[in-house]
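# Residue-level structure breakdown
Below, each chain spelled out in residue letters.
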Amino acid sequence: MAMGSAFVLGATGQVGRAAVRALVGDGWEVTAASRGGLGDEGWPDGVRSVRLDRNEEGALAAALGGGTDVLVDMVAYDAGHAAQLTGLADRIGSAVVVSSGAVYEDGEGRSFDTQEEPDGFPSYPVPIPESQATVAPGSTSYSTRKVALERDLMAVGRLLPTTLLRAGAIHGPHCRSPRELFFVKRALDRRPVRVLAYGGAPRFHPAHVDNLAELIRLAAARPGTRVLNAADPEAPTVAEISAAVDAVVGVESETVLVDGPPPVGIVGLTPWGVDRPIVYDMTAAEHALGYRPVVRYAESLPATVDWLAERLVGRGWLEAFPNLTKYGQDWFDYAAEDAWLAAR
């Protein structure tokens, strides 16, 4: 059954690829917009691909033409993008916009933005509901910009009904900053040991691209003004993720658990954070959209591992994933790990 027209911004990104597939499968006539203007071999026939840089003056308005029934925005970032969308509200029936779970702050005002400060690690409730306080809107960080985007869009909900999806730790193929690489490369390198700080207990709720695409599909079909968390059905610990990756690659490794922070440098530190869990409550999405996850973490891993392994063939990890340079850390300093293990 035809659902109408859908315009997807950031269509060739990690989530966009999956969202286009889900929308086409639901009967939408999809225009896939990206800066490269290229399609994806996994998309069904009939997807219209267009080149679009939303930051070019008038480019989005020209691409929308007479309008669209739903606009799905993977790359909206700040108040400027909110103004761009609301300025075109007369051409957009409704919107689905991907935000981030990084917007939350705890009862002491701590958030993702304060983690580098002494005693700055947030302590969130488990799980975190959408009613949890957020950082103040602004232009100083990723989190504050996302909150500015959210608040400006929610303020004009009657003009442009918008579903905001606060995504967890996004994972799956085509990720530019893949956390899973931390264990996949170790397994491929046949490293015999995994050193895990904080007892291997950190949990940073993942969100697979297919589960995000399912939320987008449901929200597109049920327009409304709402904020919803977006995550997988479970939040595995770092130790569980490590074991799951090893199982996919087919290796066995020893796990050395460190009680507390890294014993030296970043030995034992992982991209999933510290010992305070970040788990998102998915009840509201279930009630508002009838959401049910389409994939679980462990069953999604083989495709992710295959994609990561393919990207690493003949290339160093930073060459394959240059976006990881932003962390400024050598995730694979095996010499430091070996030195600490020998001294222990």
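The sections below set out a description of the structure shown in this document. (Residues numbered from 1 in each chain as written. Predicted model: local features only at pLDDT ≥ 70, side-chain atom pairs only at ≥ 80, totals over all residues. Heavy atoms only, no water.)

On a plain count of helices and strands, the protein chain comes out with 11 helices and 11 strands. Against the globule reference of 20 Å for 344 residues, the protein chain gives a C-alpha radius of gyration of 21 Å, in line with a compact fold. Viewed in the frame of its principal axes, the protein chain has a C-alpha envelope of about 70 × 45 × 35 Å. Residues counted as buried form 53% of the 344 residues belonging to the protein chain. Surface accessibility of the protein chain: about 14,900 Å² in total, with carbon and sulfur atoms responsible for 49%. Distance between charge centres in the protein chain, computed from 31 positive and 44 negative side chains, equals 3 Å. (Helix = DSSP H or I, 4+ residues; strand = E, 2+ residues; numbered from the N terminus. Rg over C-alpha atoms; globule rule 2.2 N^0.38 Å. Buried < 20%, exposed > 50% of the residue type's maximum accessible area, 1.4 Å probe, protein only. Areas by Shrake-Rupley, 256 points an atom, 1.4 Å probe, with all protein chains shown as cover. Lys, Arg positive; Asp, Glu negative; His and termini not counted. Charge placed at Lys NZ, Arg CZ, Asp CG, Glu CD.)

What follows deals with the pairing of strand E10 (residues 226-230). In terms of burial, E10 is a largely internal element, 4 of the 5 residues being buried. As paired elements, strand E6 (residues 162-167) and E10 share 5 bridges and run parallel to each other. Following the sheet pairing, Leu164 is matched in E10 by Val227. (Pairing = 2+ DSSP bridges.)

Moving on, we come to the packing of helix H3 (residues 79-87) against helix H4 (residues 142-155). Packing of H3 against H4 brings their axes to within 7 Å, and their N-to-C directions diverge by 25°. When the axes of H3 and H4 are compared, the pair comes out roughly parallel. Of the two elements, H3 crosses H4, and the hand of that crossing is right-handed. The segment H3 lies against H4, with Ala79, His81, Ala82, Leu85 and Thr86 engaging Arg145, Ala148, Leu149, Asp152 and Leu153. (Axes fitted to C-alpha atoms, helices over the stretch in contact; angles between N-to-C directions. Parallel < 35°, antiparallel > 145°, perpendicular 65-115°, else oblique. Left-handed = near helix turned anticlockwise from the far one by under 90°. Contact = heavy atoms within 4.5 Å.)

A separate point is the pattern of salt bridges. All chains considered together, the criterion is met by 14 salt bridges. With its nearest N and O atoms 2.9 Å apart, the salt bridge here joins Asp73 to Arg54. Taken together, the residues Asp73 in strand E4 (residues 68-73) and Arg54 in the loop between strand E3 (48-51) and helix H2 (59-64) connect sequence positions 19 residues apart. Across the pair, Arg54 and Asp73 agree in class, each one buried. As a salt-bridge pair, Arg296 and Glu234 come within 2.9 Å of each other at their nearest N and O atoms. (Salt bridge = Lys/Arg side-chain N within 4 Å of Asp/Glu carboxyl O.)

Taken together, the 7 strands give an open sheet; going across it, the order is E3-E2-E1-E4-E5-E6-E10, and neighbouring strands pair in parallel fashion. With one partner strand each, in any of the chains shown, E3 and E10 form the two edges of the open sheet. Looking at each pair of strands side by side, their axes are set apart by 20° on average, direction ignored.

This brings us to the packing of helix H1 (residues 14-25) against helix H6 (residues 209-221). Where H1 meets H6, the closest approach of the two axes is 8 Å, and the angle between their N-to-C directions is 50°. In terms of orientation, H1 and H6 fall into the oblique class. Judged by the twist between their axes, the crossing of H1 over H6 is right-handed. On H6, the residues that touch Gln14, Val15, Ala18, Ala19, Arg21, Ala22 and Leu23 of H1 are Val209, Asp210, Leu212, Ala213, Ile216, Arg217 and Ala220. When grouped by side-chain class, the residues that make up the contact of H1 with H6 number 10 nonpolar, 1 polar and 3 charged. (Nonpolar A, V, L, I, M, F, W, Y, C, P; charged D, E, K, R; others polar.)

Attention now goes to the packing of aromatic side chains. For the structure shown, the criterion picks out 13 aromatic pairs. Judged by centre distance (5.9 Å) and plane angle (55°), the ring pair of Trp307 and Phe321 falls under tilted. You can see Trp307 sitting in helix H9 (residues 297-312) and its partner Phe321 sitting in the loop between helix H10 (317-320) and helix H11 (334-343), a full 14 residues away along the chain. Geometrically, the ring pair formed by Trp331 and Phe332 is edge-to-face, given 6.4 Å between the ring centres and 70° between the ring planes. Taken individually, Trp331 and Phe332 each receive the classification buried, so the pair is uniform in this respect. A network of ring pairs unites the aromatic residues Phe182, Phe183, Trp272, Trp317, Tyr327, Trp331, Phe332 and Tyr334 as a single cluster. In this structure, Arg186 is placed above the aromatic ring of Phe182, and the distance from its NZ or CZ to the ring centre is 4.0 Å. (Phe/Tyr/Trp six-rings, centres within 6.5 Å; stacked < 30°, edge-to-face > 60°. Lys NZ or Arg CZ within 6 Å of the ring centre and 35° of its normal.)

Time to look at H4. With 14 residues, H4 extends 20 Å from end C-alpha to end C-alpha; this agrees with the ideal 20 Å at 1.5 Å per step. Residues of H4 that are buried: Ser143, Thr144, Lys146, Val147, Ala148, Leu149, Glu150 and Leu153. Buried residues in H4 make contact with H3, strand E5 (92-100) and E6. (Expected span 1.5 Å × (residues − 1).)

Judged by nonpolar contacts, the single largest core of 74 residues is most densely connected at Val20, Val30 and Ile216. Broken down by element, this core gets its largest block of residues, 8 residues, from H6. Filtering out sequence-adjacent residues up to four positions away, Val20 remains in contact with Val8, Ala11, Val30, Ala32, Trp43 and Val47. One finds Ala59, Leu149, Leu153 and Leu164 within the second-largest nonpolar core, a separate group that totals 21 residues. (Core = buried A, V, L, I, M, F, W, Y, C linked by side-chain atoms within 4.5 Å.)

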